[in-house]
Amino acid sequence: MISIERALEVTLATAEQTAAPDRMPVQTIPLEATLGRILREEIRADADYPRFDKAIRDGFAVRFEDVSTVPAVLDVRGESRAGQAADVTVTSGTCCEIMTGAPLPDGANAVVMVEHTEAVPPKAVRILRSVREGEGLLRRGAELRTGETVLTVGKRIELADIGTLASFGKFEVRVSQKPRVAILATGDELVEVRHKPEGGQIRNSNSYTLMGQVLAAGAEPVLLGIGRDNVEDLRRLIGEGLKCDLLLVSGGVSMGKYDFVEDVFAEYGVAVLFDSVAMKPGKPTVFGTRNDTFVFGLPGNPVSTIVAFRMFVTPVIQSLLKATDRTPGTLRACLEEPARRDASRTAIVPALVHFEGQSYRIRTAPWKGSSDLAGLSRANALVVIPQGDGVLQPGDWVDFLSLEKL
Ligand code: AMP
Ligand code: MG
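What counts and how
Residues numbered from 1 in each chain as written. Chains lettered and ligands numbered in written order. Predicted model: local features only at pLDDT ≥ 70, side-chain atom pairs only at ≥ 80, totals over all residues. Heavy atoms only, no water. Near = heavy atom within 4 Å. Polar contact = N/O pair within 3.5 Å; in protein donor to acceptor, adjacent residues only side chain to side chain. Areas by Shrake-Rupley, 256 points an atom, 1.4 Å probe, with all protein chains shown as cover. Helix = DSSP H or I, 4+ residues; strand = E, 2+ residues; numbered from the N terminus. Nonpolar A, V, L, I, M, F, W, Y, C, P; charged D, E, K, R; others polar. Disulfide = S-S within 2.5 Å. Pairing = 2+ DSSP bridges. Axes fitted to C-alpha atoms, helices over the stretch in contact; angles between N-to-C directions. Contact = heavy atoms within 4.5 Å. Buried < 20%, exposed > 50% of the residue type's maximum accessible area, 1.4 Å probe, protein only. Expected span 1.5 Å × (residues − 1). Bend = angle between axes of the 7 residues up to and from the residue. Arc of directions from axis to C-beta.

**What to know about the site of ligand 1**
Around ligand 1, the surrounding shell holds 16 residues, and the nearest of these are Glu189, Asn204, Ser205, Gly252 and Gly300. In this structure, Glu189 approaches ligand 1 through a side-chain N or O atom, which is 2.5 Å from an oxygen atom. Look at ligand 1: alone it shows 480 Å² of surface, and the protein chains cover 79% of it. Those elements that place two or more of their residues in the shell around ligand 1 are strand E13 (180-186) and strand E15 (202-203). Per-class residue counts for the shell around ligand 1 are four nonpolar, ten polar and two charged.

**Overview of the state of the cysteines**
Applying the stated criterion across every chain yields a total of zero disulfides. As a non-bridged cysteine, Cys96 has Cys95 as the owner of its nearest cysteine sulfur, 7.4 Å distant.

**A word on the sheet that holds E13**
Pairing between sheet strands relies on hydrogen bonds along the backbone, with the strands arranged either parallel or antiparallel. Reading across the sheet, the six strands line up as E16-E13-E17-E21-E20-E18 and stay open at both edges, with mixed pairing between neighbours. The strands lining the two open edges of the sheet, one partner per strand, are strand E16 (220-227) and strand E18 (271-274). Pairs of neighbouring strands in the sheet enclose a mean axial angle of 20°, with direction left out of account. Where E13 and strand E17 (residues 246-250) come together, five bridges link them in parallel fashion. Bridging from a neighbouring strand, Val181 pairs with Leu246 of E17. Docked against the sheet, helix H4 (residues 231-241) engages E13, E16, E17 and strand E21 (293-298), running at close to 175° with respect to E16.

**Some remarks on the pairing of E13**
Of all the seven residues making up E13, six are buried; the element is thus mostly covered by neighbouring parts of the structure. By the bridge criterion, six bridges tie E13 to E16 in an arrangement that is parallel. Residue pairing across strands places Ala182 opposite Val222, the latter belonging to E16.

**Observations concerning unusual backbone geometry**
With the exception of glycine, most residues fall at negative phi, and the peptide bonds are largely trans. Residue Pro71 is bonded to the preceding Val70 through a cis peptide linkage, with omega at -5°. Relative to the helices and strands, Pro71 is located in the loop between strand E4 (59-62) and strand E5 (72-80). For the bond running from Lys280 to Pro281, omega is 5°, close enough to zero to count as cis. The residue Pro281 is located in the loop between strand E19 (279-280) and strand E20 (286-290) in this model. In the Ramachandran plot, Met24 falls in the positive-phi region, its phi being about 50° despite a non-glycine side chain. Its identity as a non-glycine residue notwithstanding, Asn291 has a phi of 50°, on the positive side. Counting through the fold element by element, Asn291 comes out in the loop between E20 and E21. Take Asn291: its relative accessible area is 62%, and that puts it in the exposed class.

**Some words on the side chain of Asp48**
Inspection of the secondary structure puts Asp48 in the loop between strand E2 (43-44) and strand E3 (54-55). At a separation of 2.9 Å, a polar atom in the side chain of Asp48 contacts the side chain of Thr146. Leaving out residues up to four positions away in the same chain, Asp48 has contacts with Arg140, Gly141, Leu144, Arg145 and Thr146.

**Quick word on helix H6 (residues 302-320)**
Compared with an ideal rise of 1.5 Å per residue, which puts 19 residues at 27 Å, H6 spans 25 Å between its outermost C-alpha atoms and is within 8% of the ideal. Helix geometry: H6 is bent most strongly at Phe309, by close to 40°. In terms of burial, H6 is largely enclosed, as 19 of its 19 residues are buried.

**Comments concerning helix H2 (residues 159-167)**
The set of residues buried in H2 consists of Asp161, Thr164 and Leu165. On an axial view of H2, the arc spanned by its buried residues comes to 100°, and they lie on one face. Residues of H2 that are exposed and angled more than 90 degrees away from the buried face: Leu159 and Ala160. Considering only its buried residues, H2 is in contact with E2, strand E11 (149-151) and strand E12 (172-176). Count one or two residues on from H2 and you reach Gly169, which has phi positive near 80°.

**Regarding the sheet that holds strand E8 (residues 117-120)**
Reading across from one edge, E7-E4-E6-E5-E9-E8 is the order of the six strands in this open sheet, with mixed pairing throughout. Both outer strands of the open sheet, strand E7 (110-113) and E8, are each paired with one neighbouring strand and no more. For this sheet, the mean angle separating the axes of adjacent strands, direction not counted, is 40°. Bridge count between E4 and strand E6 (residues 94-98): three bridges; the pairing is antiparallel. Looking at E6, one finds that Ala61 is bridged to Cys96.

This is the structure we're talking about:
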């Protein structure tokens with residue numbers, strides 16, 4: 001049995017060493033499809049941003065010197081609208097009507113908000129407040145200079161990034177191709193979702209949680225359905241799954257009489273790097289490689305499957321994608337209630353976290369163990385209770401994983 005930290009080191013190092021430099025080639029895709037993908041080109045500003053001195057208020061473009069004492073009455077010369085500059089120069093005693101996003105006319109050096117003015121018919125305006133030089137406007141290049149790097153190789157394309165790409169004219173973007181991830185649920189007791197379980201049967205839920213996690217990690221799921229607890233069935237389906245970049249098998253990796261998954265891995269020559277992690281739930285997590293394929297045997301209990309994926313599979317996928325950020329991404333929170341530690345394993349359990357005052361505050365959520373998916377549904381985080389003796393106390397700091405990020 002190895003520690004979580006060691007298991008994570010092993011998975012990341014293996015992913016890096018095993019994956020050839022050209023693994024997950026670059027592909028060019030339309031901008032519309034880039035959200036959540038990993039960028040494989042550096043993105044530099046194609047121009048200064050903003051491209052011209054622009055108003056950030058609706059009002060009047062003025063010379064700030066003219067309004068140092070107020071009220072001040074100025075003649076209004078022309079209008080500068082978004083998309084259409086005014087063909088005027090603002091000189092002493094004059095101003096120009098201007099809208100948000102419109103180019104600042106020559107001669108002006110500040111914008112007074114319309115709320116701080118009064119019309120003086122027919123063609124003048126009374127300015128009621130002074131402004132500093134540069135107030136109410138953004139100078140050309142204030143946000144970005146031409147050629148400045150904005151997005152680096154390996155960045156996951158998030159909401160703001162897709163907007164940045166759009167504003168730089170990147171209608172096509174170079175990203176990592178998605179790894180294909182085979183998903184195989186195993187168990188004689190499993191029935192498909194549309195079937196009503198009878199006797200000792202249960203519905204297969206792991207295929208769907210794993211599919212969700214694979215999609216969220218930016219990879220492509222390949223559903224292999226349900227494999228039964230016999231060597232022939234597993235041989236056939238695992239053989240199929242080994243053609244993908246990753247193979248995830250859920251169930252059949254514990255000590256049970258019918259847990260054959262590891263035997264079949266051995267038949268195929270999977271080099272197993274670990275098969276037991278000091279983690280609760282998720283102890284019987286198996287990780288290995290076979291040629292170019294990364295292989296995981298995940299514990300069958302639904303919450304264990306989710307936790308093991310989050311801890312070890314996501315980092316391998318991110319590594320294959322050449323993402324800069326590869327770790328499971330824990331945050332810190334302050335415990336609100338006591339939490340008992342486990343002497344032999346680190347617990348990663350459903351929890352309720354909220355932000356209060358200056359920090360996250362967290363407590364374990366009620367749940368009935370590693371099959372209790374409903375308990376996990378009621379939680380919004382997984383809290384990490386480090387292996388050890390005794391009880392963590394309110395006020396102690398702990399790591400947690402948000403469940404919003406799968
Ligand atoms: P195993 O790891 O095969 O011993 O399975 C552990 C527990 O997880 C058993 O109670 C199984 O019935 C349950 N289980 C295994 N696979 C699935 C699945 N695909 N969906 C839901 N529960 C499962
Ligand atoms: Mg089983």
